[in-house]
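Breakdown of the fold
Each chain, letter by letter, is given below.
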Amino acid sequence: MMSIQPLLEVEGLSLAAKPGGKILVDTISFTLNKGETLGLVGESGSGKSLTLRAVLGLLPRGVEKVGGAIQSGASSAMVFQDPRGALDPLCPVVKQLTEVVYYRQKLSRKASRAAALELLDRLGLPDSLKHTDRYPSQLSGGQCQRVVIAMALACKPGILLCDEPTTALDVTVQRQIIETISALQKELGFAMVFVTHNLAIAAAMCSKLCVMKEGRIVEQGEARALLQNPQDPYTQMLMNSVLPVPELEGSV
Amino acid sequence: MESALQVKNLTVHYGGFTALDGVDLNIERHATLGLVGESGSGKSTLARVVAGLIAPDEGQILLESELLTKKRSREQHKKIQMIFQNPDASLNPKHSIRQILSEALLFHRIVDRKQVERRCREWLDRVHIPGNALDRYPHEFSGGQRQRIAIARALSVEPRILIADEPTSALDVSVQRSVLDLFNTLKEELQLTMLFISHDLGVIHEISDTVAVMKQGRLVEVQAKAPFFARPETAYSRELLSAVPRMPKLSTTPGGNHESRT
Amino acid sequence: MKPITIDSPTPRNGKTGALSRLWRTPSLLAGSIMLAVLVLLAVLIPLISPYDPTKQDLSAFLQPPSAEHWLGTDQLGRDLFTRLIYAARTDLTIMVLAEIIPFCVGVFLGMIAGYYGKWLDTVISLITDTFIAFPFYLIVIIVAFASGAGQRGIYITFILVGWIVFARVTRGLTASFRRQEWVASARTLGLPGVRIMLRHILPNVLPQAIVVLMTDMVGLLVAIVTLGYLGIGITPPTPDWGTMIFDGQPFITTAWWLSAVPGFAVVYTGIALSLVGDGLADLWRKK
């Protein structure tokens, strides 16, 4: 199974704004192997989300690739920051998910629905959805995000791209979603690119990290080693910006 | 300790939804109360009621033993100021920084017209914004800078209580840090009394003396900071605290083995 | 992208002179020039033209364009160019005067409805919705007949219904600003509602209201001309594009320019106003 060829190889990627040609992402390179999770961390304007969109092949309007290559050996699917925005508000969620399964897995209508329900089950969505379909507005933010993840998984991706998937959620829900994603990754074995501004989440989720600042990767490497011994002052600054929360008594 | 603000049995309904359900709260003078809770817990509603933006359906607000009525006087308004979450919307886009700061100063007669300019510059200096910012407009500043200007405006009228509703949540982590540092400095210098709202327990830990936890319109726990973070009394607080993503213990700290929990 | 520096303001690019911003908005520039030409002609016409717009000269009727009469003469021997520009005076003056009161009233009522909400909003919205149910021209024609032909009908009608469009736009904008935090902080400061509306909200709704004003003026101009054409607007011999189009109609095969030229003038003014409106909208959106 293990191949030497990486699953995703980004080589010297540069992105620029169309009018004016302002460089937004500046010759960045990284590779992602099977089963790995790569974290792209940085603040707003660092180009981390744009990089992710370039990998997915969905650059926003007015941004174009001006250099480099993206070689991908597997299909990818994306989980967005705003789950409500990623769902069609006028279509009930099971129906939406069934559509995705139908078109991506080329199953019969009936089999698609069964597959969709199985996915929902796997993501811990309430059983009641099987009988009564609901609109996104009737679900909580965390439940919507689970539906979005299910839709991404319905594409049977080799690479799951996550763009700040928990930023818009409450902390208890955030924890559940992160646990769900981690468990699914163990089970299904997809690789992940995980974009976040939260170093603590990145540290917990990722095996490799790329620290980005103003469109450049200032530092990259194996996650633990990088955080233990950050070389770049920007990485150090980011680490210092993580506000500490003391450990609970009795949790050690 | 004397209390600066007392809230008694505050209740607010929006239609059939109860946003605040009999909240009692006490803020001591020169102390910061950190109010934490998840979305929909009613913490912002509480802030807006105290600031006089929403009239409560029931309950009382006492500011240093003075009962605040639905219709507040100019003097009462002056005593409670508020800073909001969204830096893109916290300043009037059509007003220059000079207009924004001097309107507050002049309306509450903090200084007379001749001294307005000097006072504005002093405040900008205090929040680390260069003095040449006076004739610029909000869109020319970054989010962190706008929040600093909002802080200057709120504090310039010398309020008894400053309410800050998620003032750093929309900012980048490094900017958040510097804005929090500013809050801490001003707190010391001006002996502020603050009601500081955040969903982020890291921020609450950084700024508060006392922590209050809200859930579904009710206050579930109020405790001093240190014991709260070590030994929360309620299961809900414990759940909140244990869900916070923490940096893994790295080799520089001995013996840690926490990365099993995220 | 937002700068993350905390100690120096970003370089200013908003206020680099109104002129250069005008230059970067071609539609605004074109519209302004077109309007300026028309207004300049209307102001200076007594100096430009030796003719009287109402004095008939039956010895020189229906002349084709010449050096003496740039656009020829009409069936009563009056110089067409002179009449055209004097008509611009009449029509543009009515257009502007008839918009002033509705604009102020509409913006004011819209702000009150949007800011205070509740029953005030219900009442004002009820009135606007009621008026909108009646076709504009129906009201104009009824009022024009009731008050007799002439400018009075136009003024009365427009004071009656013209404010509605401004009230609706301003109400929506004000209601959305009301939820924004800079209004909330003005309220925590203790500023009275009237002051918040005039000092804080008005500067923010005015740009949009002015854009609407421009498009609304086009509609009003067409209404003025239509009423003149129908004979219930401006009464002869006062020059007006509508009556000019009507008067030229019998000669459409022999002297087509009699109707075509005032028609073109209406189109020209309409395009100019629309360009200015679009340009202003662009300019304010960019900022």
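Residue numbers restart at each chain and count upward from 1, following the sequence in its written direction. Just so you know, chain letters begin at A and ligand numbers begin at 1, following the order they were written in. Two thresholds apply to this predicted model, a pLDDT of at least 70 for residue-level local features and 80 or more for giving and counting side-chain atom pairs, whereas whole-chain, interface and lining totals are computed over all residues. Remark: hydrogens and water are excluded; side-chain values derive from all non-hydrogen atoms of the structure.

Here is the rule: UniProt positions are given in the numbering used here, feature names are shortened, and annotations may be inferred rather than shown by experiment.
Under an unreviewed UniProt entry, the name given to chain C is ABC transporter permease, and the source organism is Paenibacillus faecis. The record in UniProt for chain C states the following under Sequence similarities (unreviewed entry): "Belongs to the binding-protein-dependent transport system permease family." A UniProt comment under Subcellular location (unreviewed entry) is attached to chain C, and it reads "Cell membrane".

Named according to an unreviewed UniProt entry, chain B is ABC transporter ATP-binding protein originating from Paenibacillus faecis. Of the comments in the UniProt record for chain B, the one headed Sequence similarities (unreviewed entry) reads "Belongs to the ABC transporter superfamily."

**Topic: the overall build of chain C**
Heads up, the rule is: Each helix corresponds to a stretch of at least 4 residues labelled H or I by DSSP, and each strand to a stretch of at least 2 residues labelled E; elements are numbered beginning at the N terminus. In what follows, residue pairs with any heavy atoms lying within 4.5 Å of each other are defined as contacts. Each accessible area value is a Shrake-Rupley result obtained with a 1.4 Å probe; residue values ignore everything except the protein chains displayed when judging cover. Two residue types count as positive, namely Lys and Arg, and two as negative, namely Asp and Glu; His and chain ends fall outside the count. To locate a charge, take atom NZ for lysine, CZ for arginine, CG for aspartate or CD for glutamate.
Regarding its fold elements, chain C presents eleven helices and zero strands. Put simply, chain C runs from its N terminus to its C terminus through helices and strands in the order α-α-α-α-α-α-α-α-α-α-α. C-alpha extents for chain C along the principal axes are approximately 80 × 50 × 30 Å. Within chain C, counting contacts between residues at least 6 apart in sequence, those at least 24 apart form 70% of the total. Only carbon and sulfur atoms are counted for the fraction: they give 70% of the accessible area of chain C, which is about 14,000 Å². Counting 21 positive and 16 negative side-chain charges, chain C places the centres of these two groups 16 Å from one another.

**Some words on the overall build of chain B**
Rules: The globule rule used for comparison is 2.2 Å times the number of residues to the exponent 0.38, while the radius of gyration itself is calculated over C-alpha atoms. Each residue is placed in one exposure class: buried if its accessible area under a 1.4 Å probe, protein chains only, is under 20% of its type's maximum, exposed if it is over 50%, and partly exposed if it falls in between.
When its secondary structure is counted, chain B shows nine helices and ten strands. Computed over the C-alpha atoms, the radius of gyration of chain B is 19 Å, within 12% of the 18 Å expected from 2.2 N^0.38 for a compact globule of 262 residues. Residue burial in chain B is summarised as follows: out of 262 residues, 58% are buried. Restricting to contacts in chain B with at least 6 residues of sequence separation, those with at least 24 account for 65%.

**Description of the UniProt feature "transmembrane region" (unreviewed entry) in chain C**
All names here are of chain C. Residues annotated by UniProt as "transmembrane region" (unreviewed entry) correspond here to residues 28–48, 92–116, 123–146, 152–170, 205–234 and 254–277. The span residues 123–146 carries 92% helix and 0% strand; its end-to-end C-alpha distance comes to 28 Å. In residues 254–277, the share of helix is 88% and the share of strand is 0%. The end C-alpha atoms are 38 Å apart.

**As for the layout of surface pockets**
The criterion, for reference: Cavity and pocket criteria rest on a 1 Å grid covering protein atoms alone: a 1.4 Å probe that fits but cannot get out defines a cavity, protein on both sides within 12 Å along at least 5 of 7 lines defines an open pocket, and an atom within 4 Å of a point defines a lining residue. Grid points are joined across faces, edges and corners, and a volume is the space filled by probe spheres set on the points. Asp, Glu, Lys and Arg are counted as charged, while Ala, Val, Leu, Ile, Met, Phe, Trp, Tyr, Cys and Pro are counted as nonpolar; the rest, among them Gly, fall into the polar class.
Computed from the structure, the second largest pocket encloses a volume of approximately 1,400 Å³. Lining the second largest pocket are 41 residues, and of these G52, L53 and I54 of chain B together with R178 and R187 of chain C sit closest to its centre. Residue assignment for the lining of the second largest pocket shows that the elements contributing at least two residues are α1 (43–50), β4 (58–63) and α2 (74–79) of chain B together with α3 (80–116), α4 (118–133), α7 (163–178), α8 (181–188) and α9 (193–230) of chain C. The element best represented in the lining of the second largest pocket is α8 of chain C, accounting for four residues. Grouping the amino acids of the lining of the second largest pocket by side-chain chemistry returns 19 nonpolar, twelve polar and ten charged.

**Observations regarding the UniProt feature "domain: ABC transporter" (unreviewed entry) in chain B**
Taking the numbering used here, the UniProt-annotated feature "domain: ABC transporter" (unreviewed entry) corresponds to residues 5–241 of chain B. Here residues 5–241 of chain B runs as 38% helix and 27% strand, with 27 Å between its end C-alpha atoms.

**Structural notes on the nonpolar core**
Nonpolar side chains tend toward joint burial in soluble globular proteins. Quick note on the threshold: To define a nonpolar core, start from buried Ala, Val, Leu, Ile, Met, Phe, Trp, Tyr and Cys residues and group those joined through side-chain atoms within 4.5 Å.
One finds L124, I151, L162, F183 and F196 of chain B together with I201 of chain C to be the most contacted residues of the largest nonpolar core, which totals 56 residues. Ignoring sequence-local partners within four residues, the contact set of L162 of chain B consists of Q81, I83, A154, L155, F183, L192, T193, M194 and L195 of chain B. Residues A77, M151 and I181 of chain A together with V173 of chain B belong to the second largest nonpolar core, which totals 53 residues.

**A closer look at a nonpolar patch on the surface**
Threshold: Patch definition: residues above 30% relative accessible area lacking any salt bridge, with like charges linked at up to 9 Å and the nonpolar side chains Val, Leu, Ile, Met, Phe, Trp and Tyr linked at up to 5 Å. Every case where a carboxyl oxygen of Asp or Glu lies within 4 Å of a side-chain nitrogen of Lys or Arg is listed as a salt bridge.
Nonpolar side chains collect at one region of the surface, where V39, L40, V43, L44, L47, I48 and W70 of chain C lie side by side and expose about 710 Å² of accessible area between them. Positionally, L47 of chain C belongs in helix α2 (residues 26–48).

**Examining the side chain of E36 of chain A**
Residues and elements named next belong to chain A. Put simply, the test is: Polar contacts, as used here, are pairs of N or O atoms within 3.5 Å; protein pairs need one atom able to donate a hydrogen and one able to accept it. Residues neighboring in sequence count only if both atoms are side-chain atoms.
Positionally, E36 belongs in the loop between β2 (23–32) and β3 (37–41). Polar contacts involving the side chain of E36 include one to the main-chain amide nitrogen of N33, which spans 2.9 Å. Among all residues touching E36, those that are not within four sequence positions of it are T31, Q185, A191, M192, S207 and K208.

**Points about the sheet that holds strand β5 (residues 66–67) of chain B**
Within a sheet, adjacent strands bond to each other through the backbone by hydrogen bonds, running parallel or antiparallel. Residues and elements named next belong to chain B. What counts here: For two strands to count as paired, DSSP must find a minimum of two bridges between them. Axis angles are defined between N-to-C directions and span 0 to 180 degrees, where every axis is a line fitted to C-alpha atoms and, for a helix, only to the segment in contact.
Reading across the sheet, the four strands line up as β2-β1-β4-β5 and stay open at both edges, with antiparallel pairing between neighbours. On the outer flanks of this sheet lie β2 (17–28) and β5, each paired with one strand and no other. Bridge analysis of β4 against β5 gives two bridges, and the strand direction is antiparallel. Directly across from L62, in β5, lies its bridge partner L67. Strands β1 (3–14), β2 and β4 of the sheet are contacted by α1, whose axis makes an angle of about 115° with β1.

**Here's the deal with the pairing of strand β9 (residues 216–222) of chain A**
All names here are of chain A. Where strand β8 (residues 208–213) and β9 come together, six bridges link them in antiparallel fashion. Each bridged residue has a counterpart across the sheet, and for K213 the counterpart in β9 is R216. The loop that links β8 with its antiparallel partner β9 comprises two residues; one of these, E214, has a positive phi angle of about 45°.

**A closer look at the environment of K55 of chain C**
Residue and element names in this part refer to chain C. The topology assignment puts K55 in the loop between α2 and α3. For K55, a relative accessible area of 61% gives the class exposed. Residues K55 and V43, spaced twelve residues apart in sequence, show a C-alpha to C-alpha distance of 20 Å.

**What to know about the pattern of salt bridges**
Here the structure, examined in full by the defined rule, presents 28 salt bridges over all chains. Its salt-bridge partner being K130 of chain A, residue D127 of chain A comes within 3.8 Å of it at the nearest N-O pair. On the basis of relative accessibility, which here comes to 32%, the residue K130 of chain A falls in the partly exposed class. Here E179 of chain A ties to R175 of chain A by a salt bridge, and the two come within 3.3 Å at their closest N and O atoms. Taken together, the residues span about one helical turn, with E179 of chain A and R175 of chain A both in helix α6 (residues 171–188) at a distance of four residues. Via salt bridges that share partners, E2, R29, E64 and R160 of chain B belong to a single interconnected network.

**Side note on the packing of aromatic side chains**
So the rule is basically this: The criterion for an aromatic pair is that two Phe, Tyr or Trp rings (for Trp, the six-membered ring) have centres within 6.5 Å, with stacked assigned to planes under 30 degrees apart, edge-to-face to planes over 60 apart and tilted to the rest. Placement of a charge over a ring requires the Lys NZ or Arg CZ to be within 6 Å of the ring centre, with the centre-to-atom vector within 35 degrees of the ring normal.
Tallying each qualifying case throughout the model produces nine aromatic pairs over all chains. With 5.5 Å between their ring centres and 45° between their planes, F177 of chain C and W182 of chain C make a pair best called tilted. Residue F177 of chain C is classed as buried on the basis of its relative accessible area of 13%. Positioned over the ring face of Y102 of chain A is R109 of chain A, at 3.8 Å from the centre of the ring.

**Brief notes about the sheet that holds strand β6 (residues 80–83) of chain B**
Residue and element names in this part refer to chain B. The strand order β6-β7-β8-β3-β9-β10 describes an open sheet built from six strands, whose pairing is mixed. On the outer flanks of this sheet lie β6 and β10 (218–224), each paired with one strand and no other. Recorded for the sheet is a direction-independent mean angle of 20° between the axes of neighbouring strands. Pairing analysis gives four bridges linking strand β7 (residues 161–165) to strand β8 (residues 194–198), with the strands arranged parallel. Paired with A164 across the two strands is F196, which belongs to β8. Contacts from helix α5 (residues 143–156) reach β6 and β7 within the one sheet, and its direction differs from that of β6 by about 175°.

**Topic: helix α5 (residues 141–154) of chain A**
Count 3.6 residues to each turn of an α-helix, and residues three or four apart come out pointing the same way. All names here are of chain A. Selection criterion: A helix's residues, less one, multiplied by 1.5 Å, set its expected span.
In this model, α5 (14 residues) spans 20 Å end to end at C-alpha, consistent with the 20 Å of a helix rising 1.5 Å per residue. Most of α5 is tucked away, with twelve of its 14 residues classed as buried. When we look at burial in α5, the residues that qualify are G142, C144, Q145, R146, V147, V148, I149, A150, M151, A152, L153 and A154. Structurally, α5 contributes buried residues whose contacts are with β5 (76–79), α2 (83–86), α3 (93–105), α4 (109–122), β6 (159–163) and α6. Positive backbone phi, approximately 45°, marks K156, located one or two places after α5.

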